[in-house]
Amino acid sequence: MNVESRLREMIGDAAGRLHTGRSRNDQVATDLRLWTRDAIDGLDAQLATLQKALIDKAEEHAATPMPGFTHLQVAQPVTFGHHMLAYVEMYGRDRGRLVDCRKRLNESPLGAAALAGTSFPIDRKMTAQALGFDGVMANSLDSVSARDFALEFLSAAAICATHVSRQAEELVIWCAPQFGFVRLSDGYSTGSSIMPQKRNPDAAELARAKAGRIFGGLMGLLTVIKGLPLAYGKDMQEDKEPVFDAADSLSLMVAATAGMVADMEVMPDAMSSALTHGYPTATDLADWLVRALGMPFRDAHHVTGAIVGLAEKSDCALDAVTLAEMQSIEPRITEDVFTVLSVESSISSRTSEGGTAVVNVRAAIAAAKERFL
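Residues numbered from 1 in each chain as written. Predicted model: local features only at pLDDT ≥ 70, side-chain atom pairs only at ≥ 80, totals over all residues. Heavy atoms only, no water.

Novice: Would you take a moment to explain the overall build of the protein chain for this structure?
Specialist: Helix and strand content of the protein chain: 14 helices and six strands. Relative to the compact-globule value of 21 Å for 373 residues, the protein chain shows a C-alpha radius of gyration of 29 Å, a clear excess of over 25%. Across its three principal directions, the C-alpha atoms of the protein chain cover 100 × 55 × 40 Å. Relative to its 373 residues, the protein chain shows a buried fraction of 44%. Taking all contacts inside the protein chain whose residues are at least 6 apart in sequence as the whole, residues at least 24 apart take part in 71%. One way to put it: in the protein chain the 36 positive side-chain charges average out to a point 7 Å from where the 47 negative ones average out. (Helix = DSSP H or I, 4+ residues; strand = E, 2+ residues; numbered from the N terminus. Rg over C-alpha atoms; globule rule 2.2 N^0.38 Å. Buried < 20%, exposed > 50% of the residue type's maximum accessible area, 1.4 Å probe, protein only. Contact = heavy atoms within 4.5 Å. Lys, Arg positive; Asp, Glu negative; His and termini not counted. Charge placed at Lys NZ, Arg CZ, Asp CG, Glu CD.)

The following block contains the structure:
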């Protein structure tokens, strides 16, 4: 209506014809679709930038050993590059969800008027084409009342924010002195106001926190829409704030995370030190018992557990347990067992598709560049 008023100042009463065959209902639905479409395009580009930062870091550290964790306990050795590529895959799926959302929202509501269409001989296909839509929405009631595209955008944004938050949590953990796996510069961390020794990963913590805003926006809009009869209700005015806020929040989260990934200094010595705890090659010992001795895995698991118990009593690494001590548990064990107990041999053996062997990681990096960049 402001546009119409300004146009009337410029050209006179003819401006009153601007609203012919139109309603605020179909116009605002059209505008929100156009805005959301642009937001998706922007987020897709940002996520590609984040993926590139992760791939670059993976390439730099394709062979850098680190502990892989389950339950936040040392489980098996992986490479830092392999770990970075896990997030590349997550963000790739996020981009796919946003692309799918874009496809479904890219139909034009314009011309549905208030709810029933119009008696004027308008050309909905022409306006749809002019605005870059793939076609027109088939039902006038649905055109003005549908907000599932906004819900789908918020859902995709919430899932993506979950992935960003998970990575931010790992950065917070890795920056802690107890881990010391990575270090962030002053651009992404701050000192304490009273404790000069502190370096707080503020950017990661804020990225982690902002996910909650997006979750709240999704739940809020679901609650608004759930009880609305067709077609339009003023309740729908509440659709814009959560969509705008989610787009802004996610954009900031992704930009900050891409910056942190590019900025972070990886500390290989700390990762190697962490691999001396928790017996990360125990599974390799069990696998060797299965392959070399033909032992059922359940029995191999039991034997390995007993050998790990010996290492714990002696407070030594698994490959420091003597052959005689191992043979006291299982007499058929030979000297060959020590070829599988190093971190390097464990990593190089994981050659199954998607595994952490360095040759796999390098191939996955090349494939990721083709798929995502």
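Novice: Would you explain the pairing of strand 1 (residues 65-70) in this entry?
Specialist: Each regular strand carries side chains that alternate between the two faces of the sheet. Both strand 1 and strand 2 (residues 73-79) contribute to a ladder of six bridges, which runs antiparallel. Bridge pairing in strand 2 links Thr70 to Gln73. If you look at the hairpin formed by strand 1 and strand 2, you'll find two residues sitting between the two strands, and His71 has a positive phi there, around 55 degrees. (Pairing = 2+ DSSP bridges.)

Novice: Where do I start with a nonpolar patch on the surface in this structure?
Specialist: Among the surface-exposed residues, Leu115, Leu141 and Leu230 lie close enough to one another that they form a single nonpolar patch of about 260 Å² accessible area. Relative to the elements of secondary structure, Leu230 occurs in the loop between helix 7 (202-225) and helix 8 (240-263). Assessed through its relative accessible area of 63%, Leu230 is described here as exposed. (Patch = residues over 30% accessible without salt bridge, like charges linked within 9 Å, V, L, I, M, F, W, Y side chains within 5 Å. Areas by Shrake-Rupley, 256 points an atom, 1.4 Å probe, with all protein chains shown as cover. Salt bridge = Lys/Arg side-chain N within 4 Å of Asp/Glu carboxyl O.)

Novice: What is the right way to look at the environment of Lys313 in this model?
Specialist: Mapped onto the elements of the fold, Lys313 is located in helix 11 (residues 297-314). When the C-alpha atoms of Lys313 and Ser249 are compared, they prove to be 51 Å apart, with 64 residues separating the residues in sequence.

Novice: Sorry if this is basic, but what is going on with the packing of aromatic side chains here?
Specialist: Each aromatic ring pair is described using two quantities: the centre-to-centre distance and the angle formed by the ring planes. For the coordinates displayed, the defined rule picks out seven aromatic pairs. Ring plane angle 50 degrees and centroid distance 4.5 Å describe the contact between Trp35 and Phe244, whose orientation is recorded as tilted. Taken as a pair, Trp35 in helix 2 (residues 24-60) and Phe244 in helix 8 lie far apart in primary sequence, 209 residues in all. Residue class for Trp35 comes out partly exposed when judged on its relative accessible area of 33%. Residues Phe179 and Phe181 carry aromatic rings whose centres are separated by 5.4 Å and whose planes lie at 80 degrees to one another, so their mutual orientation is edge-to-face. Taken together through their ring pairs, the aromatic side chains of Phe69, Phe80, Trp174, Phe179 and Phe181 make up a single cluster. (Phe/Tyr/Trp six-rings, centres within 6.5 Å; stacked < 30°, edge-to-face > 60°.)

Novice: I would appreciate a short explanation of helix 6 (residues 148-175) in the present structure.
Specialist: Since the α-helix turns once every 3.6 residues, residues separated by three or four places project in the same direction. For helix 6, spanning 28 residues, the distance from its first C-alpha to its last is 40 Å, which sits close to the expected 40 Å at 1.5 Å a residue. Within helix 6, 20 of the 28 residues are buried, which leaves the element mostly enclosed by the surrounding structure. (Expected span 1.5 Å × (residues − 1).)

Novice: Before we go on, may I ask you to explain the packing of helix 2 against helix 14 (residues 358-372) in this structure?
Specialist: What describes two packed helices is the angle between their axes and the distance between those same axes. Axis separation between helix 2 and helix 14 bottoms out at 10 Å; the angle between their running directions is 160 degrees. One finds that helix 2 runs roughly antiparallel with respect to helix 14. In this structure, the crossing between helix 2 and helix 14 has a hand that is left-handed. Residues Ala48, Gln51, Ile55, Ala58 and Glu59 of helix 2 lie in contact with helix 14, whose contacting residues are Arg362, Ile365, Ala368, Lys369 and Phe372. (Axes fitted to C-alpha atoms, helices over the stretch in contact; angles between N-to-C directions. Parallel < 35°, antiparallel > 145°, perpendicular 65-115°, else oblique. Left-handed = near helix turned anticlockwise from the far one by under 90°.)

Novice: How should the packing of helix 2 against helix 3 (residues 80-105) be read in this particular structure?
Specialist: Relative to each other, helix 2 and helix 3 sit at 165 degrees, their axes nearing to 9 Å. With respect to helix 3, the axis of helix 2 lies roughly antiparallel. Here the hand of the crossing between helix 2 and helix 3 comes out left-handed. Looking at the contact of helix 2 with helix 3 residue by residue, the classes come out as 18 nonpolar, four polar and nine charged. (Nonpolar A, V, L, I, M, F, W, Y, C, P; charged D, E, K, R; others polar.)

Novice: In this structure, what is going on with the state of the cysteines? I would like to understand it.
Specialist: Note on terminology: disulfide describes a covalent bond linking the sulfur atoms of two cysteines. Counted under the stated rule, the structure contains zero disulfides. Sulfur of Cys160: no disulfide; nearest cysteine sulfur belongs to Cys101 and is 13 Å away. (Disulfide = S-S within 2.5 Å.)

Novice: What is the right way to look at the side chain of Ser165 in this model?
Specialist: Position of Ser165 among the secondary structure elements: in helix 6. Non-local contacts of Ser165, meaning those with residues more than four positions away in its chain, are made with Arg208 and Ala211.

Novice: Is there a simple way to explain helix 10 (residues 282-293) in this structure?
Specialist: Between its terminal C-alpha atoms helix 10 stretches 16 Å, which fits the 16 Å expected from twelve residues at 1.5 Å a residue. Ala282, Asp284, Leu285, Ala286, Trp288, Leu289 and Leu293 are the residues of helix 10 that are buried. On the buried face of helix 10, the contacting elements are helix 11 and helix 13 (343-349). A positive backbone phi angle near 65 degrees is found at Gly294, which sits one or two residues after helix 10.

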